[in-house]
Amino acid sequence: MRRLLVVTGALAIVGCSYHNVLYNANQLLSEGEVARRAGQDSLATARYLDVVRKTGDALRDRPESDWADQTLVLHGRARFRLGELRAAQAALRDAERSFPEVADESRVYLAAIHAEAGDARSAMAEVNRALSGPLPPEPRSEAHLIRGRLLLERGMFDAGGWDLDRAAEAGFGIRIEAGIERLRWSIMHEEEARTRDAFERLLRDPRGGIRHDTVMGLVGAAADVWGQAAVASMLDGVRSSPWDRVARGNVALTRARMLDQAGDTTAARKQAMDVASGLGIAAADARLLLARWQLERARDLDAVYGVRTLLLPAGSDTRAAFQLEMVERMESFTGLGYTQPLGFFAAAEVARDHLGAQSVARGLFLAYAAAAPDDPWAPKALLAALDISPDEGDRAWLRGRLEANPNSPYVLAMSGGASAGYQELEEELDVRLRGLTQR
């Protein structure tokens, strides 16, 4: 009797240990699913690998356990999420054939494997069969998601939408995933009204922001189909979206850029100013965007200096600090240019290379050429102005001025002729500009 009790106790301990492994693996898989749906791929992968290890050890040690059916399903699901389709299919087929109680659940994930492999017909057959039987809530939700995706791929939006709604109702974090699928296939089939509705649904969902990177990619895909202005209109709901500040700010700034590219600069600026009035990285991004627009359109020095008002509130951001430093440097060089004309050249290079203020840079290059027409670098300044002049009339005028310096090494180099002394001039210019920098 004592021996029997010892054996019975040992079996109970082993069984309890196996059950704990199964419980832990199930928890890890759930954590992996949450991370995957939130776009945290590294964390999701780590959790799936843990599931594979734990369930693999359990199946090897006790293949005849009472919980082998559920362990096989967990093992197959984790393998599938890791992209190991062959191993996942083997585990799930084994579960389907050996354990009738988990056969339908196994078919859900076998359908997912077929879909991933591009076999839509087999995927649909498997998922329909699975949905015809009893399923626990989570795999049933997954099955509706898979079938909804397959139907949308065929352009069957009413039927597919019904399945996605059923998938979302069950919870498990699938609602946003279903919304992404609705959006993706609406764009793929060029359904403009459905795309607008899908964007609006996601923007109204407080949890939609966890997938804002995916949404941003789909914004670009939609713009390729309908253009910047139309998609900016679709994103109008971002203003009142309950998404978190960073996610909402990123989408709002994308919308601002689209409005700007579409020519609605007033609306673009208003959208960017809304974001800039907040806090954090999104507000700094907005201020940098507004500053870039102002610099690109600047026609005089005051417009360049005026970006300091925009950038100073974001001065702790390294990008904004660098821009502020470049504005200060340009202003310093410009002031120096009134007594040492080469300062205008140095200021022009800062405006062109670091601030993107092309029109102001052009004016400063011309100011140097006018103040020091006999300097050997005056033709270089004219060539630099020519390179950033968009107007053909201005370009013709500059070419005419360059023709007045046919022997300049810079003019000769431009025309492909011999340019003796070019390297020496460049080296001397570099020395002189560094001398100005060190003042």
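Definitions and cut-offs
- Residues numbered from 1 in each chain as written.
- Predicted model: local features only at pLDDT ≥ 70, side-chain atom pairs only at ≥ 80, totals over all residues.
- Heavy atoms only, no water.
- Helix = DSSP H or I, 4+ residues; strand = E, 2+ residues; numbered from the N terminus.
- Buried < 20%, exposed > 50% of the residue type's maximum accessible area, 1.4 Å probe, protein only.
- Areas by Shrake-Rupley, 256 points an atom, 1.4 Å probe, with all protein chains shown as cover.
- Lys, Arg positive; Asp, Glu negative; His and termini not counted.
- Charge placed at Lys NZ, Arg CZ, Asp CG, Glu CD.
- Phe/Tyr/Trp six-rings, centres within 6.5 Å; stacked < 30°, edge-to-face > 60°.
- Core = buried A, V, L, I, M, F, W, Y, C linked by side-chain atoms within 4.5 Å.
- Contact = heavy atoms within 4.5 Å.
- Polar contact = N/O pair within 3.5 Å; in protein donor to acceptor, adjacent residues only side chain to side chain.
- Expected span 1.5 Å × (residues − 1).
- 1 Å grid on protein atoms, 1.4 Å probe; cavity = no way out; pocket = protein on both sides within 12 Å on 5 of 7 lines; lining within 4 Å.
- Points joined across faces, edges and corners; volume = space filled by probe spheres on them.
- Salt bridge = Lys/Arg side-chain N within 4 Å of Asp/Glu carboxyl O.
- Arc of directions from axis to C-beta.
- Axes fitted to C-alpha atoms, helices over the stretch in contact; angles between N-to-C directions.
- Parallel < 35°, antiparallel > 145°, perpendicular 65-115°, else oblique.
- Left-handed = near helix turned anticlockwise from the far one by under 90°.
- Nonpolar A, V, L, I, M, F, W, Y, C, P; charged D, E, K, R; others polar.

*Asks:* Give a detailed account of the overall build of the chain, specifying residues and quantitative values.
*Replies:* The helix and strand tally for the chain stands at 24 helices and zero strands. For the chain, buried positions account for 46% of its 439 residues. Of the accessible surface of the chain, which amounts to about 21700 Å², a share of 51% is contributed by carbon and sulfur atoms. Once the 55 positive and 62 negative side-chain charges of the chain are each reduced to a mean point, those two points are 5 Å apart.

*Asks:* Describe the packing of aromatic side chains, naming the residues involved and giving the relevant values.
*Replies:* Applying the stated rule across the entire model yields four aromatic pairs. Here the aromatic rings of Tyr-338 and Phe-344 are separated by 5.2 Å at their centres, their planes lie at 85 degrees, and the arrangement is edge-to-face. By relative accessible area, which is 62% here, Tyr-338 ends up exposed. Overall, Phe-344 belongs to the buried group, its relative accessible area being 8%. Judged by centre distance (5.2 Å) and plane angle (65 degrees), the ring pair of Tyr-410 and Tyr-422 falls under edge-to-face. Here the residue Tyr-410 occupies a position in helix α23 (residues 409-415), and Tyr-422 occupies one in helix α24 (residues 422-437), the gap between them amounting to twelve residues. The exposure class assigned to Tyr-410 is buried, which follows from its relative accessible area of 4%. Grouping aromatic residues by their ring pairs yields a cluster made of Phe-345, Phe-365 and Tyr-368.

*Asks:* Break down the nonpolar core for me, citing the residues and quoting the values.
*Replies:* Within the largest apolar cluster, 90 residues are counted, with the highest numbers of intra-cluster contacts made by Val-304 and Met-330. Discounting residues that sit within four places of it in the chain, Val-304 has contacts with Leu-295, Ala-298, Val-327, Met-330, Leu-355, Ala-357 and Val-360. By size, the runner-up hydrophobic cluster in this structure holds 27 residues, among which are Ala-91, Ala-111, Ile-113 and Leu-151.

*Asks:* Now, about the side chain of Glu-142: what can you tell me, with residues and values included?
*Replies:* Looking at where Glu-142 falls in the secondary structure, it is placed in helix α7 (residues 137-153). Separated by 3.4 Å, the side chains of Glu-142 and Arg-37 make a polar contact. In this structure, Glu-142 is in contact with Glu-33, Arg-37, Arg-81, Val-108, Tyr-109 and Ile-174, ignoring residues within four places of it in sequence.

*Asks:* Report on helix α4 (residues 85-98), specifying residues and quantitative values.
*Replies:* Over its 14 residues, α4 runs 20 Å from end to end, which matches the ideal 20 Å to within 8%, given 1.5 Å per residue. Where the residues of α4 are buried, they touch α3 (68-81), α5 (103-116) and α6 (120-131).

*Asks:* Tell me about the layout of surface pockets, and name the residues and values.
*Replies:* Unfilled space is identified by rolling a water-sized probe across the atoms. There is about 440 Å³ of room inside the largest pocket. Elements that contribute at least two residues to the lining of the largest pocket include exactly α2 (41-61), α3, α5 and α7. Considering every element that reaches the lining of the largest pocket, the biggest residue donor is α7, with five residues. If you add up the space inside the second largest pocket, you get close to 220 Å³. Contributing to the lining of the second largest pocket are 13 residues, with Arg-248, Gly-249, Ala-252, Asp-274 and Val-275 lying nearest its centre.

*Asks:* Just give me the short version of the environment of Gln-89, but keep the residues and values in it.
*Replies:* Tracing the sequence through the fold places Gln-89 in helix α4. Separated by 172 residues in sequence, Gln-89 and Gln-261 have C-alpha atoms that sit 48 Å apart.

*Asks:* Before we move on, can you summarise the environment of Ala-130 with the specific residues and values?
*Replies:* Tracing the chain through its elements places Ala-130 in helix α6. Take Ala-130: its relative accessible area is 0%, and that puts it in the buried class. Taking the C-alpha atoms as reference, Ala-130 lies 8.2 Å from Ser-106; in sequence the two are 24 residues apart.

*Asks:* Describe the pattern of salt bridges, naming the residues involved and giving the relevant values.
*Replies:* If you walk through the whole model with that rule in mind, you get 46 salt bridges. For the salt bridge of Arg-107 with Glu-96, the shortest nitrogen-to-oxygen distance reads 2.9 Å. One end of the pair, Arg-107, is in helix α5; the other, Glu-96, is in helix α4, and eleven residues separate them in sequence. One exposure class covers both Arg-107 and Glu-96, and it is buried. Its salt-bridge partner being Glu-296, residue Arg-292 comes within 2.9 Å of it at the nearest N-O pair. Of the two residues, Arg-292 and Glu-296 are both situated in helix α15 (residues 280-297); the distance of four residues between them amounts to about one turn of the helix. Residue classification places Arg-292 among the partly exposed positions, given a relative accessible area of 37%.

*Asks:* Break down helix α10 (residues 192-204) for me, citing the residues and quoting the values.
*Replies:* Here α10 is 13 residues long and its end C-alpha atoms lie 18 Å apart, about the 18 Å a rise of 1.5 Å per residue gives. Those residues of α10 lying buried are Thr-195, Ala-198, Phe-199, Leu-202 and Leu-203. Buried positions in α10, seen along its axis, are confined to an arc of 130 degrees and lie on one side of it. Those residues of α10 that are exposed and angled more than 90 degrees off the buried face are Ala-193 and Arg-204. Its buried side turned inward, α10 meets α9 (174-188), α11 (212-226) and α12 (228-234).

*Asks:* Give me the lowdown on the packing of α10 against α11, citing residues and values where you can.
*Replies:* Axis separation between α10 and α11 bottoms out at 12 Å; the angle between their running directions is 160 degrees. It follows that α10 is roughly antiparallel to α11 by the angle criterion. Crossing handedness for the pair α10 and α11: left-handed. For the pair α10 and α11, contact is made by Glu-192, Thr-195, Phe-199 and Leu-202 and by Val-215, Leu-218, Val-219, Ala-222 and Trp-226, respectively.

*Asks:* I'd like a rundown of the environment of Asp-224, residues and numbers included.
*Replies:* Mapping Asp-224 onto the fold places it in helix α11. Between the C-alpha atoms of Asp-224 and Ile-187, which are 37 residues apart in sequence, the distance is 9.7 Å.

*Asks:* Let's hear about the packing of α9 against α11: which residues, and what values?
*Replies:* Close contact between α9 and α11 brings their axes to 10 Å; oriented N to C, the two are set at 20 degrees. Taken as axis vectors, α9 and α11 run roughly parallel relative to one another. You can see that α9 and α11 cross each other, and the crossing is left-handed. Counted together, Ile-180, Leu-183, Arg-184, Ser-186 and Ile-187 of α9 and Thr-214, Val-215, Leu-218, Ala-221, Ala-222, Val-225 and Trp-226 of α11 form the full contact between these two elements. Residues that form the contact of α9 with α11 fall into these classes: nine nonpolar, two polar and one charged.

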